[in-house]
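# Close look at the chain arrangement
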Amino acid sequence: MSLVQPEMRPHYPDYATAPTQHHFSPYADNGGSVVAIAGDDFVVIGADTRLSAGFSIYTRDQNKLFRLSDTTVLGCSGCWCDTLTLTRILTARMQMYQQEHNKVMTTPACAQMLSTMLYYKRFFPYYISNILVGLDNEGKGCVYSYDPIGHCEKATYRAGGSAGALLQPLLDNQIGLKNMQNVGDSKLSLERALAVLKDVFISAAERDIFTGDSILINVITKDGIQDYSFQLRKD
Amino acid sequence: MFRNQYDSDAITWSPQGRLHQVEYAMEAVKQGSCAVGLKSSTHVVLLGLKRSAHELSTHQKKVLYIDDHIGCAIAGLTSDARMLSKFMRTECLHSKFAFETPMPIQRLVAKLGDKAQVTTQQYGGRPYGVGLLIGGFDKIAGPKLYQFCPSANFFDCQAMAIGSRSQSSRTYLERNLSKFLNAKRDELIIYGLHALRDSLPNNYELTVHNTSVLVVSANEVCKLIEEEEIAKLLSQLESRSKREETIEGEEVGTKKDSEQEQHERDLSMQLDE
């Protein structure tokens, strides 16, 4: 609605109405959160399964975790079309590496390759919040988190996606034991990591409208990758 | 082959209507050691006879993985074979990426033919000097075996052998063709090993070091067979009746000679691949 008085509206003799500008955005935010926690000989990664656009839900049942090899999993949230293309290109690149070098790409190598692939699109980025997890060459769990243009950071735990800012401080406290007094420095067990992961997602579903429905969890150990599913609030 | 005045480049026709450079390229395939391919109604098997340049080096790879459902055996210039197999691999990856479907084998071989045809019609280059046996399993077409030639021709085959002394292998395959269709996996491999062995002179033998076998089927991802399994299969080969006459002092049906003797034989076999 124009706030200008009728007499003061600009007069464009060539146009029936005032000229309007249309803006096309190549990006869409399809929501979702991803959380990963690493231990000494395992790593767990969970992602919610809700795909949304604005206030609408596309589906309640979308898997956001992509198995790149027997020891490496990538979790993506953000723009779903970019996610699809990035994961397909990544899978093809990993197969090319295998055919060229006769061995499966390791997790640290894959992490570096993803970083360079994202930076190649520095001036038209993949709008994705990536978390890559796996077992490194010694069998220790590792979590690599990325920003949309490829900044890569290795950590023990990380929350990303729409509820990332809500969940990261909770993980800092529960897993990183920050700002806690009189706590023992005990080793993180798989059961505790899974329990914290589920609690963290329950909290996210309470406050973040883009996170909910259910979560899919992948647990990577030297024996392979196991899937778990867990229901969340559907509102 | 004799020299002609019309054979100095790939783009000159001879008055008889032949392209001599292309024909010379086909000769290069015959210099490579034997490669055999055969198929049943469920499996495709590719076999290769590996040579080693000398005692100190490993045997040359003859059979290659292309994709989960396609493998390829080579005979001729190995470097050309490497380039073509890289091409085939990227084409298969592209099909999976763009169309979410494994590359149909006929389409792959046709692309290869198109690529090779260019080399037969350009000045300054030469045709590829390698023959390929491309075997694979298509969900729609079933098991497929194609022979690819440097002339850029390709043929859909039931069974085929290429390389040096492959005529004896082809004779064996022709005589036993009716048995392949319903053969089980191991039976088919043993037929292939017999065919491969027929390309060897009488006093030579297939061993785990000079034999490579690749199997692909609906349930089996394309993979080279391990040495233990090859040893087991080789022990099931029938003894060659010809061998009894030519080898002195050797037990009939012996499959493995002492390492040193085997090395000497490898050395004295034709070496230019």
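Details of the structure are given in the entry above.
Here's what I pulled together on the structure shown here. Fair warning: this is a prediction, and the values are worked out from it, not measured in the lab. (Residues numbered from 1 in each chain as written. Chains lettered and ligands numbered in written order. Predicted model: local features only at pLDDT ≥ 70, side-chain atom pairs only at ≥ 80, totals over all residues. Heavy atoms only, no water.)

## Brief notes about unusual backbone geometry
- Despite not being glycine, Asn-179 of chain A has its phi angle at roughly 55°, a positive value.
- Taking relative accessible area as the criterion, Asn-179 of chain A reaches 82% and is therefore assigned exposed.
- A positive phi is found at Ala-152 of chain B, a non-glycine position, where the angle reads about 75°.
- With respect to the helices and strands, the residue Ala-152 of chain B is situated in the loop between β6 (142-148) and β7 (154-156). (Buried < 20%, exposed > 50% of the residue type's maximum accessible area, 1.4 Å probe, protein only. Helix = DSSP H or I, 4+ residues; strand = E, 2+ residues; numbered from the N terminus.)

## Let's talk about the packing of helix α1 (residues 80-101) of chain A against helix α2 (residues 78-99) of chain B
- Two elements in contact, α1 of chain A and α2 of chain B, have axes whose closest approach is 10 Å; the angle formed by their N-to-C orientations is 160°. Compared by their axis directions, α1 of chain A and α2 of chain B come out roughly antiparallel. Between α1 of chain A and α2 of chain B lies a crossing whose hand is right-handed. Here α1 of chain A contributes Thr-85, Arg-88, Ile-89, Ala-92, Gln-95, Met-96, Gln-99 and Glu-100 of chain A to the contact with α2 of chain B, which in turn contributes Lys-86, Arg-89, Leu-93, Lys-96, Phe-97 and Ala-98 of chain B.
- Split into classes, the residues belonging to the contact of α1 of chain A with α2 of chain B amount to 6 nonpolar, 3 polar and 5 charged. (Axes fitted to C-alpha atoms, helices over the stretch in contact; angles between N-to-C directions. Parallel < 35°, antiparallel > 145°, perpendicular 65-115°, else oblique. Left-handed = near helix turned anticlockwise from the far one by under 90°. Contact = heavy atoms within 4.5 Å. Nonpolar A, V, L, I, M, F, W, Y, C, P; charged D, E, K, R; others polar.)

## Some details on the environment of Ser-52 of chain A
All names here are of chain A.
- If you trace the backbone, Ser-52 turns up in strand β3 (residues 51-53).
- Between the C-alpha atom of Ser-52 and that of Lys-154, which follows or precedes it by 102 residues, the distance is 29 Å.
- Each residue touching Ser-52, except ones within four places of it in the same chain, is listed here: Asp-29, Asn-30, Gly-31, Ile-57, Tyr-58 and Phe-210.

## Notes on the interface of chain B and chain A
- With 9 residues of chain B in contact, the opposing surface of chain A contributes 8 residues.
- Where chain B abuts chain A, roughly 770 Å² becomes buried across the two surfaces, and 51% of that area is made up of carbon and sulfur atoms.
- Three residues stand out in chain B for area buried against chain A, namely Arg-89, Leu-93 and Phe-97 of chain B, and they jointly supply 66% of the buried area on that side.
- Taken together, the connections running from chain B to chain A amount to 1 salt bridge.
- Among the ionic pairs, Glu-100 of chain B bridges to Arg-88 of chain A, the shortest N-O distance being 2.7 Å.
- Elements supplying a minimum of two residues to the side of chain B that touches chain A: β3 (63-67) and α2 of chain B.
- In terms of residue count, α2 of chain B provides more of the side of chain B that touches chain A than any other element does, 6 residues in total.
- Across the side of chain B that touches chain A, the residue classes tally to 5 nonpolar, no polar and 4 charged. (Buried area = accessible area lost by both parts, 1.4 Å probe. Salt bridge = Lys/Arg side-chain N within 4 Å of Asp/Glu carboxyl O.)

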